[in-house]
2 protein chains.
Amino acid sequence: MSTKRIAGPEIERLIQLLAKVPGLGPRSARRAALHLIKKKDQLMAPLAGALAEAVEKVTVCSVCGNVDTVDPCSICTDPRRDGATVIVVEDVSDLWALERAGAMNAKYHVLGGTLSPLDGVGPEDLNIRSLVDRVAAGGVSELIIAVNATVEGQTTAHFITDQLEGLDVKVTRLAHGVPVGGELDYLDEGTLSAALRSRTSF
Amino acid sequence: MSTKRIAGPEIERLIQLLAKVPGLGPRSARRAALHLIKKKDQLMAPLAGALAEAVEKVTVCSVCGNVDTVDPCSICTDPRRDGATVIVVEDVSDLWALERAGAMNAKYHVLGGTLSPLDGVGPEDLNIRSLVDRVAAGGVSELIIAVNATVEGQTTAHFITDQLEGLDVKVTRLAHGVPVGGELDYLDEGTLSAALRSRTSF
């Protein structure tokens, strides 16, 4: 792809910025820019406004690490939620996924990643201290560690469990098993073994 | 996908608008929104600014139909370009593609689509009248019809050629043939036949 300027500097800059949005590459950024230009009033202007508003208002919750336009976030201040149960997630996207599932009416704690010594991510880079402080302050009876079932996720889960040593809190984790709608034939041995070990009666 | 609100209304609205950008769906719009929020200063604020600037400045060239921040566009007013050759394209994206190829130093005329009676697109919906007027005004010696090699594109090309009847202009079209780097085995019969008919000597 040449770096030849094919449009005015304003349009070029828009394409360059759009190309940095995950899900869009250089080619689709051009297509997106053209679509936005064609739908100037219906899409480009509202999107510019929504982004500017988000830049101004969106903040990170000082209690749980969620993103919202208020601090503490609307989940932390929601009186209908059971604050005694806190679900620990790696990222806000995991919080959103669990909220869409809508299975728990709990509160959250967003770690902001997983421990990864190779990438230089240590405990001080994650919201682990604030989690321990939150539990130590009392009122939390169960901590559901809902990190990804990856090596880094599990390492982080073990580290957190160690840090909570001596605090009066029940620490649980998500069940392993067959995904709903999943076919056994396509599942790995680890998942199948876990599903068998954790079998339940009809 | 449930319609449950997972974040504040400002973030929800941002996700909804991002989902309308071509290349992003509901799921990737959430991922994009979260990435933008995390890169607030590096990406979200500049993108909001670039969009607002584009909303304010981008306009359609009254001569050729290109999009730019000036009218007539910078291609139409470029003194280094040969105004005697005009390349007729369906869309601005085709103009950009030809500019990236950089093979011609010509000017353009953007039709804004192709004739499509089934979709209710007639000649008055495209920039055909302005093309004929432009040629009739004189100074254009060659019109390269660079529409897509689709049925609609070819129909539109024939219609334009008819409209130019009696005007002193040479009308040409893009060559059909084997794409550079293409393998014969994967090409359709129509392209292969055209490539054979238009064979050139070494």
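Remember, it's a predicted structure, so these values are computed and weren't measured experimentally.

Peer 1: What is the right way to look at the pattern of salt bridges in this model?
Peer 2: Pairing between side chains becomes possible if they bear opposite charge and their charged atoms approach one another. Counted under the stated rule, the structure contains 14 salt bridges over all chains. In this structure, Asp 78 of chain A and Arg 80 of chain A form a salt bridge, with 3.2 Å as the shortest nitrogen-oxygen distance. Judged by relative accessible area, which is 67%, Arg 80 of chain A ranks as exposed. The closest approach of N and O atoms between Glu 53 of chain B and Lys 57 of chain B, which form a salt bridge, is 3.1 Å.

Peer 1: Looking at this structure, how should I read the interface of chain B and chain A?
Peer 2: Facing 51 residues of chain B, the contacting portion of chain A comprises 51 residues. Interface area for chain B against chain A, summed over the two sides, is near 5,100 Å², with a carbon-plus-sulfur share of 72%. Counting the surface chain B buries against chain A, the share from its top three residues, Leu 51, Trp 96 and Arg 100 of chain B, is 15%. Applying the counting criterion to the chain B and chain A interface returns four salt bridges. A salt bridge links Lys 57 of chain B to Glu 10 of chain A; its shortest N-O distance comes to 3.6 Å.

Peer 1: How should helix H4 (residues 92–101) of chain A be read in this particular structure?
Peer 2: Residues three or four positions apart in an α-helix share a direction because the helix packs 3.6 residues into each turn. Taken together, the buried positions of H4 of chain A are occupied by Val 92, Asp 94, Leu 95, Trp 96, Glu 99 and Arg 100 of chain A. Looking at the residues trailing H4 of chain A, positive phi occurs at Gly 102 of chain A, about 65°.

Peer 1: Help me out: how do you make sense of the relation of the copies chain B and chain A in this one?
Peer 2: Both copies of the chain are related through a single rotation about an axis accompanied by a shift along the same axis. After a rotation of 180° and a shift along the axis of 0.0 Å, chain B superposes on chain A with an RMSD of 0.1 Å. As the rotation angle and translation indicate, the two copies are arranged about a two-fold axis. Judged by C-alpha distance, Ala 48 of chain B is the residue of chain B that lies nearest the rotation axis, at 2.4 Å. By residue overlap, the copies meet face to face through one surface: 100% of the interface positions of chain B are interface positions in chain A.

Here is what the cut-offs are and how they apply
- Numbering of residues begins from 1 in every chain and follows the order in which that chain's sequence is written.
- As a convention, the first chain written is A and the first ligand written is 1, with the rest following in written order.
- With pLDDT at 70 or above as the cut-off, local features in this predicted model cover only qualifying residues; side-chain atom pairs require 80 or more to be listed or tallied, and sums for whole chains, interfaces and linings still use all residues.
- The basis for the side-chain values is all heavy atoms of the structure; hydrogens and waters are excluded.
- Within this document, salt bridges are pairs made up of a side-chain nitrogen of Lys or Arg and a carboxyl oxygen of Asp or Glu, the two lying within 4 Å of each other.
- For every residue, the accessible area obtained with a 1.4 Å probe (protein chains only) is divided by the maximum for its type, and the residue is called buried under 20%, exposed over 50%, and partly exposed between those limits.
- In what follows, residue pairs with any heavy atoms lying within 4.5 Å of each other are defined as contacts.
- Accessible area that two parts lose when put together, with a 1.4 Å probe and added across both, is what the buried area reports.
- The secondary structure listing takes helices from DSSP runs of H or I that are at least 4 residues long and strands from runs of E that are at least 2 residues long, numbered from the N terminus.
- What sets the superposition is a least-squares fit of C-alpha atoms, and only residues with pLDDT of at least 70 in both copies go into it.

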